[in-house]
Amino acid sequence: MSKKRIGIIGAGPSGLAQLRAFESAEKLGMEVPEIVCFEKQENWGGMWNFTWRTGVGKYGEPIHGSMYKYLWSNGPKECLELSDYSFDEHFGKPISSYPPRPVLFDYIQGRINKSNAKDYIRFNTTARWVTYDEETKKFTLYLDDLKKNRTYSEEFDYLIVATGHFSTPNMPYFEGIDDFPGAVMHAHDFRGADQFIDKDLLLIGSSYSAEDIAVQCYKHGSKSVTLSYRSNPIGVDWPEGIEERPLVTHFEGDTAYFKDGTSKRFDGVVMCTGYQHKFPFLPDYLRLKTKNNLYPDNLYKGIFFQDLPELIYLGMQDQYYTFNMFDTQAWLARDYMMGKFEIPSKEERRKDIDKWLADYDKVEDANGDVDFQAAYIKDLISYTDYPDFNIDKVGDMFKQWLKDKEDDILTYRDKTFKSVITGTMAAEHHTEWMDELDDSKKRYLMDEEQVEALEESEA
Ligand SMILES: Cc1cc2nc3c(=O)[nH]c(=O)nc-3n(C[C@H](O)[C@H](O)[C@H](O)COP(=O)(O)OP(=O)(O)OC[C@H]3O[C@@H](n4cnc5c(N)ncnc54)[C@H](O)[C@@H]3O)c2cc1C
Ligand SMILES: NC(=O)c1ccc[n+]([C@@H]2O[C@H](COP(=O)([O-])OP(=O)(O)OC[C@H]3O[C@@H](n4cnc5c(N)ncnc54)[C@H](OP(=O)(O)O)[C@@H]3O)[C@@H](O)[C@H]2O)c1
């Protein structure tokens, strides 16, 4: 009998987790199916693979990346540490708890670089369309080889969608914005704070992007930052220069009017209004339809598409836990595809999904969110041989992080946490976060003496 074929779309942290899961089974001497991973970008790493481009890439594909210059991890690295590949193993020394993007990008690549994963990935290849044949029980995946400008198709027994869900902007309209004279963009296209130095900036939204872009722009020299919320303000004690106002009602020229009757003139507007789960390569009957939340409906165990479990979605939840959650999902997906995890009847699956949805309904606050996602990961781990880690302790760190942010939004990134994988206490970064304007890996990994020497030589 020929080997089963598995197609993975996307080589971000989720797709790479799937490759790693199969690699780990292979190392244990198991025979693994034939795997091909398709990645539309030139390199792996998904969101962490920074691009300066906005709009479309060199082959005319929508740009995937939503990250920007000066982006630092917004949660402790100890909360995303991979159970089978520690930060100590990668960097050979303790590093701080909140590394900048290039350092986390380096970490993501470390584990996978040690394997032959690259052999399985076809870069510059976009998944364009999918069909499923009920009779042959196979997916046909239509692909564009962007470099050769060639379209072809291949058949698979299982299809993994690991294309992320923080790439397609949700862009609301506000009356009068058509005539706003300054820059108007979505957070997806924001590439750094530099263009807003000495400017008055308006951010619409009150979640992670709004909070982070506000603080970054304040740090790098914006004149003022105003956040405009729809439901709730972020509500921390903002420094002078950052304020929150209720939702914008309309614009007149460069002036925004708010629900509380106030108004202010701005140089630029960034919509931090979230993202759409968007799968333009999937027909309606295979498409996950959900808003950003911790338990999207119609996914058994958060990954198996209810109407067709051979279609597997990774990383579609809103995220507290990230890399380690993707791993636990990928391990379970692997075991299903290798015949080691049995999927129950459609009715049983529905009951299980409903139980999780009912539990999610009871969640009242962010601490409850963390507990809910921790319970979900524990459930996944219970079925597989993914190396167990202290999920509750990680949950405690998330709760401390939430408190630290509330205590001081400008200094929470100076805090340190202890790894549950190695027991190592994180190092204090050589420079306080608010004073650290350089996010390069080179500077980040310097010790205090090297920084002092560098600063002396520059003085
Ligand atoms: C601005 C921002 C900051 C973030 N900061 C943090 C943070 O500090 N800490 C944290 O833990 N998480 C953070 N995240 C969450 C981040 O989404 C996850 O860490 C992680 O990148 C998700 O991995 P993924 O593989 O599921 O998706 P992605 O990283 O989005 O990767 C998806 C991959 O699929 C590819 N792809 C998409 N469509 C196609 C197609 N049709 N054909 C072929 N390939 C395709 C893309 O090119 C991409 O490489 C942040 C997200 C954003 C938007
Ligand atoms: N490393 C970092 O520092 C960093 C930086 C940025 C983002 N991120 C990550 O990126 C991911 C996405 O975060 P996100 O903040 O972009 O999305 P999000 O968490 O989904 O939040 C979307 C926000 O947009 C608001 N919104 C939606 N529609 C609106 C409308 N029509 N008018 C006004 N407001 C509207 C929502 O308000 P309501 O509350 O009213 O719904 C909410 O505040 C998260 O995982 C986050 O961790 C990380």
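Residues numbered from 1 in each chain as written. Chains lettered and ligands numbered in written order. Predicted model: local features only at pLDDT ≥ 70, side-chain atom pairs only at ≥ 80, totals over all residues.

Trainee: Residue-level account of the site of ligand 1, with values.
Mentor: Taken together, 32 residues form the shell around ligand 1, and within it Gly10, Gly12, Gly46, Gly164 and Gly315 come nearest. Counting only elements with at least two residues in the shell around ligand 1, the list comes to α1 (13–27) and β4 (125–133). Here the element with the most residues in the shell around ligand 1 is α1; it accounts for three residues. Of the residues contributing to the shell around ligand 1, the split by class is twelve nonpolar, 18 polar and two charged. (Near = placed C-beta within 6 Å. Helix = DSSP H or I, 4+ residues; strand = E, 2+ residues; numbered from the N terminus. Nonpolar A, V, L, I, M, F, W, Y, C, P; charged D, E, K, R; others polar.)

Trainee: Describe unusual backbone geometry, naming the residues involved and giving the relevant values.
Mentor: The residue Tyr70 is not glycine, and still its phi comes out positive at about 65°. For Tyr70, the location among the structural elements is in the loop between β2 (34–38) and α2 (87–91). If you check the backbone angles, Asn298 has positive phi at about 70° while not being a glycine.

Trainee: An account of the sheet that holds strand β9 (residues 183–186) is requested, with residue identities and associated values reported.
Mentor: Pairing is parallel in the open sheet, where five strands are placed in the order β9-β16-β10-β11-β12. The outermost strands of the open sheet, each flanked by one partner alone, are β9 and β12 (242–246). Direction aside, neighbouring strands of the sheet carry axes that sit 20° apart on average. Across four bridges, β9 lies against strand β16 (residues 268–271) in parallel orientation. Residue pairing across strands places Val184 opposite Val269, the latter belonging to β16. Sitting on the sheet, helix α4 (residues 208–219) is in contact with β10 (200–204), β11 (224–229), β12 and β16, with an inclination near 170° to β11. (Pairing = 2+ DSSP bridges. Axes fitted to C-alpha atoms, helices over the stretch in contact; angles between N-to-C directions. Contact = placed C-beta atoms within 7 Å.)

Trainee: Describe the site of ligand 2, listing the residues and the values that go with them.
Mentor: Among the 22 residues in the neighbourhood of ligand 2, the closest are listed as Asn74, Ser207, Ser209, Ser231 and Gly274. Broken down by element, the shell around ligand 2 gets its largest block of residues, three residues, from α4. Residue-level mapping places the shell around ligand 2 at the junction of two domains, with at least three residues from each of domain 1 (5–167 + 275–401) and domain 2 (177–271). (Domains from an automatic or database assignment.)

Trainee: Just give me the short version of helix α5 (residues 323–337), but keep the residues and values in it.
Mentor: In a regular helix each residue adds 1.5 Å, so 15 residues correspond to 21 Å; α5 covers 21 Å between its end C-alpha atoms and thus fits that length. Following α5 by one or two positions, Gly339 has its phi on the positive side, about 75°. (Expected span 1.5 Å × (residues − 1).)

Trainee: Residues and numbers for the nonpolar core, please.
Mentor: Of all hydrophobic cores here, the largest spans 120 residues; its most connected members are Ile160, Leu203 and Ala214. The greatest single-element share of this core, amounting to nine residues, is contributed by α5. Each of two domains, domain 1 (5–167 + 275–401) and domain 2 (177–271), supplies a minimum of three residues to this core. What Leu203 contacts, discounting residues up to four positions off in sequence, is Ala210, Ile213, Ala214, Val225, Leu227, Ser228, Val270 and Cys272. (Core = buried A, V, L, I, M, F, W, Y, C linked by C-beta atoms within 7 Å. Buried ≥ 20, exposed ≤ 12 C-beta atoms within 10 Å, placed from the backbone.)

Trainee: Please set out the domain arrangement of the protein residue by residue, giving values where relevant.
Mentor: By a widespread convention, an interface's size corresponds to the accessible area lost as its parts come together. Each domain of the protein was delimited in the assignment, giving domain 1 (5–167 + 275–401) and domain 2 (177–271). For domain 1 versus domain 2, the distance between C-alpha centres works out to 32 Å. Across the contact, eight residues belong to domain 1 and eleven residues belong to domain 2. A breakdown of the residues in the side of domain 1 that touches domain 2 according to their chemical character gives three nonpolar, four polar and one charged.

Trainee: Explain the sheet that holds strand β5 (residues 138–145) residue by residue, including any values.
Mentor: Reading across the sheet, the three strands line up as β4-β5-β6 and stay open at both edges, with antiparallel pairing between neighbours. Edge positions in the open sheet fall to β4 and β6 (150–156), since each of these has one partner strand only. Here the strands of the sheet are splayed against their neighbours by 20° on average, with no regard to which way each runs. In this structure, β4 lies alongside β5, joined through eight bridges in antiparallel fashion. The partner of Ala127 across the bridge, within β5, is Leu143.

Trainee: So what's going on with the environment of Leu247? Residues and values would help.
Mentor: Assignment of secondary structure puts Leu247 in the loop between β12 and β13 (248–252). Each C-alpha atom of the pair Leu247 and Pro233 lies 9.7 Å from the other, and the pair is 14 residues apart in sequence. Discounting residues that sit within four places of it in the chain, Leu247 has contacts with Ser228, Tyr229, Arg230, Phe258 and Lys259.

Trainee: So what about helix α3 (residues 101–113)? Which residues, and what values?
Mentor: Each turn of an α-helix holds 3.6 residues, which means side chains three or four residues apart point in the same direction. Its 13 residues give α3 an end-to-end C-alpha distance of 18 Å, which sits within 8% of 18 Å, the value for a rise of 1.5 Å per residue. Among the residues of α3, those classed as buried are Arg101, Val103, Leu104, Phe105, Tyr107, Ile108, Arg111 and Ile112. Among the structural elements, α1, α2 and α9 (441–444) are those in contact with the buried residues of α3.

Trainee: Any chance you could break down the packing of helix α7 (residues 366–381) against helix α8 (residues 391–407) for me, citing the residues and the numbers?
Mentor: Describing two packed helices takes the angle between their axes plus the distance from one axis to the other. At a closest axis distance of 10 Å, the pairing of α7 and α8 adopts a crossing angle of 160°. Relative to α8, α7 is oriented roughly antiparallel. Crossing of α7 against α8: the hand is right-handed. The segment α7 lies against α8, with Ala366, Asn367, Val370, Asp371, Ala374, Ile377 and Lys378 engaging Ile391, Asp392, Gly395, Phe398, Lys399 and Leu402. Its residues assigned to classes, the contact of α7 with α8 comprises seven nonpolar, two polar and four charged. (Parallel < 35°, antiparallel > 145°, perpendicular 65-115°, else oblique. Left-handed = near helix turned anticlockwise from the far one by under 90°.)

Trainee: Give a detailed account of the pairing of β2, specifying residues and quantitative values.
Mentor: In summary, the side chains of a regular strand alternate between the two faces of the sheet. Note: strand β1 (residues 5–9) against β2, five bridges, orientation parallel. Along β2, the bridge assignment pairs Arg5 with Glu34. A crossover links β1 with its parallel partner β2, the connecting element being α1, and its sense is right-handed. Two elements, β2 and strand β3 (residues 121–122), share two bridges in a ladder whose sense is parallel. The residue bridging Cys37 from the neighbouring strand is Ile121, located in β3. (Right-handed = clockwise from strand over helix to strand, strands pointing away.)

Trainee: I'd like a description of the packing of α1 against α3, backed by residues and values.
Mentor: Here α1 crosses α3 at 20°, and the two axes come no closer than 10 Å. In terms of axis orientation, α1 runs roughly parallel to α3. Classified by chirality, the crossing of α3 by α1 is left-handed. Contact with α1, carried on its side by Pro13, Leu16, Leu19 and Arg20, involves Ile108, Arg111 and Ile112 of α3 and no other residues of that element. For the contact of α1 with α3, the residue count by class is five nonpolar, no polar and two charged.

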